[in-house]
Amino acid sequence: MYKDKTFLAIIPARGGSKRLPNKNILDLAGKPLIAWSIEAGLGSKYIDKVMVTSDSEEILDISKNFGAEVLKRPDELANDTATTFDAIAHTIESLNEKYDYIVLLQPTSPLRNAKHIDEAIELLNDKEADAIVSVCEMDHNPLWSNTLPASLSMEGFLRDEIKNKRSQDLEKYYRINGAIYICKTDKLLKENTLFLNKNIFAYIMDRKSSVDIDEEIDFILSKNLIQRINGEKI
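On a predicted model such as this, the values are computed, not experimentally measured, just so you know. (Residues numbered from 1 in each chain as written. Predicted model: local features only at pLDDT ≥ 70, side-chain atom pairs only at ≥ 80, totals over all residues. Heavy atoms only, no water.)

Along the backbone of the protein there are six helices and nine strands. Against the compact-globule benchmark of 17 Å for 234 residues, the protein has a radius of gyration of 19 Å, which places it among compact chains. Taken along the three principal axes of its C-alpha coordinates, the protein extends 60 × 40 × 40 Å. Sorting the 234 residues of the protein into buried and exposed places 46% on the buried side. In the protein, the proportion of contacts linking residues at least 24 apart, taken out of those at least 6 apart, comes to 73%. Looking at the protein as shown, the accessible area adds up to about 13,000 Å², and 47% of this sits on carbon and sulfur atoms. Charged side chains of the protein number 31 positive and 38 negative; the gap between the two group centres comes to 4 Å. (Helix = DSSP H or I, 4+ residues; strand = E, 2+ residues; numbered from the N terminus. Rg over C-alpha atoms; globule rule 2.2 N^0.38 Å. Buried < 20%, exposed > 50% of the residue type's maximum accessible area, 1.4 Å probe, protein only. Contact = heavy atoms within 4.5 Å. Areas by Shrake-Rupley, 256 points an atom, 1.4 Å probe, with all protein chains shown as cover. Lys, Arg positive; Asp, Glu negative; His and termini not counted. Charge placed at Lys NZ, Arg CZ, Asp CG, Glu CD.)

Looking now at the pairing of strand S1 (residues 7–12). The element S1 is extensively covered by neighbouring structure, given that six of its six residues are classed as buried. Pairing geometry for S1 and strand S6 (residues 101–104), over four bridges, is parallel. Bridge pairing links Ala9 to Val103 in S6. Sheet topology note: the S1/strand S4 (residues 49–54) ladder contains five bridges and is parallel. Of the residues in S4, the one forming a bridge with Ile10 is Met51. (Pairing = 2+ DSSP bridges.)

As a volume, the largest pocket reaches approximately 490 Å³. As for the largest pocket, its lining consists of 22 residues, of which Pro12, Arg14, Gly16, Lys23 and Asn24 are closest to the centre. Here the lining of the largest pocket is composed, by residue class, of seven nonpolar, seven polar and eight charged. Computed from the structure, the second largest pocket encloses a volume of approximately 230 Å³. In this structure, the second largest pocket is lined by 14 residues; those nearest its centre are Trp36, Pro110, Leu111, Arg112 and Asn113. Residue assignment for the lining of the second largest pocket shows that the elements contributing at least two residues are helix H1 (33–43) and helix H6 (216–229). At three residues, H1 tops the list of elements feeding residues into the lining of the second largest pocket. Its residues assigned to classes, the lining of the second largest pocket shows six nonpolar, four polar and four charged. (1 Å grid on protein atoms, 1.4 Å probe; cavity = no way out; pocket = protein on both sides within 12 Å on 5 of 7 lines; lining within 4 Å. Points joined across faces, edges and corners; volume = space filled by probe spheres on them. Nonpolar A, V, L, I, M, F, W, Y, C, P; charged D, E, K, R; others polar.)

Attention now moves to the pattern of salt bridges. The full count for this structure, using the stated rule, is 12 salt bridges. The partner of Asp130 in a salt bridge is Lys187, with the nearest N and O atoms 4.0 Å apart. In this pair, Asp130 is assigned in the loop between helix H4 (114–126) and strand S7 (131–137) and Lys187 in helix H5 (residues 185–191), connecting sequence segments 57 residues apart. Of the charged contacts in the structure, one is a salt bridge between Glu161 and Arg159, with a shortest N-O distance of 2.7 Å. Residue Glu161 is classed as partly exposed on the basis of its relative accessible area, which comes to 48%. Looking at Arg159, the relative accessible area reads 46%, which means it is partly exposed. (Salt bridge = Lys/Arg side-chain N within 4 Å of Asp/Glu carboxyl O.)

Below is the structure:
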């Protein structure tokens, strides 16, 4: 609880993963990937409950062992067409108690920690916001990017006004990093999304803490970063 407002952390974790099989339970620096997000939520000063929702009994058992409460997701919410919002709505509807805010912690962001969560909640309060979304600065400025035609011609690929500029002289761009979403529960259910149209603000994280595990290379990067943070040899 923070400023008399209650917060429910939801960690959605499907059992299947096509690009990196069983990624949510792969061992990352000594514990399953999902455990990093569970411990971040439990370590928060303001989170009232950490709930894992999954179609996998193995994920649910592991999550219970690391201190989370769990909810078995029905089969219709575990297929490729089911959305994260569907899993969140199902979790909200399944609980007897009500929470003022939902905090989505995706299990693929192991370097997001309790301090980040608490800072995001404090920002929510300071801004009197309905929603907060975590972002980080982009690795490469999108102004250096464009689509390519079938011919691979690069005519008009770059705008004239940036051709002779250094990257450090260009305006900063940010991307959603997927680590933290906070949304007022009634607004979330009304708009069917965590990304509200109004009164939503960005919580800026560093790129190191923003690694999102989608493929094996992301997993390797996360492992190396954790080892470096812990002062271990890579």
